[in-house]
Amino acid sequence: MGFPILPFFLIFLIWLTFRIKSLDAKQEKDQEDFWAKERAASITPSKDISNLSYITIPIEKFPLNFSNDPKVIELENALQEISTHKLLNLSGVSNTDLKLQYGVGNFETMSQIGEDFDKACILLNSYAKALIDAGMEDDAKNVLEFSIGIGTDISESYIMLANYYKKRSQKEKLNFLRERVSNSTLLLKNSILNNIDDSV
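Residues numbered from 1 in each chain as written. Predicted model: local features only at pLDDT ≥ 70, side-chain atom pairs only at ≥ 80, totals over all residues. Heavy atoms only, no water.

To continue, consider the overall build of the protein chain. A count of helical and extended segments in the protein chain gives 8 helices and 0 strands. Put simply, the protein chain runs from its N terminus to its C terminus through helices and strands in the order α-α-α-α-α-α-α-α. Its C-alpha radius of gyration of 25 Å places the protein chain more than 25% over the 16 Å reference for a compact globule of 200 residues. Principal axes of the C-alpha set define a box for the protein chain whose edges measure 85 × 55 × 30 Å. The buried share of the protein chain, taken over its 200 residues, is 34%. By sequence separation, contacts in the protein chain at least 24 residues apart represent 67% of the contacts at least 6 residues apart. Approximately 12900 Å² of the protein chain is accessible, and the part contributed by carbon and sulfur atoms is 56%. Averaging the coordinates of the 22 positive side-chain charges in the protein chain and doing the same for the 28 negative ones gives two points 5 Å apart. (Helix = DSSP H or I, 4+ residues; strand = E, 2+ residues; numbered from the N terminus. Rg over C-alpha atoms; globule rule 2.2 N^0.38 Å. Buried < 20%, exposed > 50% of the residue type's maximum accessible area, 1.4 Å probe, protein only. Contact = heavy atoms within 4.5 Å. Areas by Shrake-Rupley, 256 points an atom, 1.4 Å probe, with all protein chains shown as cover. Lys, Arg positive; Asp, Glu negative; His and termini not counted. Charge placed at Lys NZ, Arg CZ, Asp CG, Glu CD.)

This is how it looks when you write it as structure tokens:
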């Protein structure tokens, strides 16, 4: 006598049908919620953004003009220029949330502020690398600590700073850096933590 497969197959089909309907209903609800949020965002009045806690790059504390390399000079010029811009870490903030939080009239301005922050983080990382290449590791450390302090998402910045601390057996600072990374939402968090813990 064969094993009665048909009843189990029918049960599976019923479950699968129910599951598909459930997922479809959830997707439809998510879409409705998204468009409702988007409609609300599109009519959000502009808010005063003049007194936000903008990030200021302490360019006056950086050892500018330390190299005659045209690439380094170009990097420093770009860093000086971006230091005059308003910066905010808006990583992970969607376009809809930008409009809801600051008003639709400020959307382009806030988008640019977020893009400038990302550009600044890239420039700071490159500047730190140039300082390290020039043997100015203490200055590079100051740049990296500032960059990480404002929430850069460039994993190389964390790794360079971790290497500085490890090289000098600064375990307390290394532990603080590890804790900061652990509590972050960095995309490459696990990779950074593995590097921090390597040869500690």
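Past the structure itself, the notes keep going.
Time to look at the nonpolar core. Phe62, Leu79 and Leu177 are the most contacted members of the largest nonpolar core, which has 38 residues in total. A total of 9 residues in this core trace back to one element, the largest contributor, which is helix α4 (residues 107–133). Filtering out sequence-adjacent residues up to four positions away, Leu79 remains in contact with Ile59, Phe62, Leu123, Leu124 and Tyr127. (Core = buried A, V, L, I, M, F, W, Y, C linked by side-chain atoms within 4.5 Å.)

So, on to the pattern of salt bridges. In the structure shown here, the tally under the stated rule is 5 salt bridges. Note that Glu137 is salt-bridged to Lys167, the shortest N-O span being 3.3 Å. Within this pair, whereas Glu137 is found in helix α5 (residues 137–149), its partner Lys167 is found in helix α6 (residues 155–167), the two being separated by 30 residues in sequence. Owing to a relative accessible area of 60%, Lys167 belongs among the exposed residues under this scheme. The closest approach of N and O atoms between Asp197 and Arg178, which form a salt bridge, is 2.7 Å. A residue pair is termed long-range when its members are at least 10 positions apart, and Asp197 in helix α8 (residues 189–197) and Arg178 in helix α7 (residues 171–182) qualify at 19 residues. Via salt bridges that share partners, Glu137, Lys167 and Arg168 belong to a single interconnected network. (Salt bridge = Lys/Arg side-chain N within 4 Å of Asp/Glu carboxyl O.)

A few words on α8. Within α8 the residues assigned to the buried category are Ile192, Leu193 and Ile196. The arc that holds the buried residues of α8, viewed along the axis, is 100 degrees, so those residues lie on one side. Exposed and facing more than 90 degrees away from the buried side of α8 are Asn190 and Asn194. In this structure, the buried residues of α8 make contact with α6 and α7. (Arc of directions from axis to C-beta.)

Going through the model one piece at a time under the given rule, you end up with 3 aromatic pairs. Geometrically, the ring pair formed by Phe62 and Tyr127 is tilted, given 5.7 Å between the ring centres and 40 degrees between the ring planes. Here the residue Phe62 occupies a position in the loop between α1 (5–42) and α2 (70–82), and Tyr127 occupies one in helix α4, the gap between them amounting to 65 residues. On the basis of relative accessibility, which here comes to 9%, the residue Phe62 falls in the buried class. (Phe/Tyr/Trp six-rings, centres within 6.5 Å; stacked < 30°, edge-to-face > 60°.)

Turning next to the environment of Glu76. Mapped onto the elements, Glu76 comes out in helix α2. Residue class for Glu76 comes out buried when judged on its relative accessible area of 2%. For the pair formed by Glu76 and Asn65, sequence separation is 11 residues and the distance between their alpha carbons is 7.8 Å. Sequence-distant contacts of Glu76, defined by excluding residues within four places in its chain, comprise Pro63, Leu64, Asn65, Phe66 and Tyr127.

Now for a nonpolar patch on the surface. Side chains of Ile5, Leu6, Phe9, Leu10, Phe12, Leu13, Trp15, Leu16 and Ile20 sit close together on the surface and give an oily, nonpolar patch of about 870 Å² of accessible area. With respect to the helices and strands, Ile20 occurs in helix α1. (Patch = residues over 30% accessible without salt bridge, like charges linked within 9 Å, V, L, I, M, F, W, Y side chains within 5 Å.)

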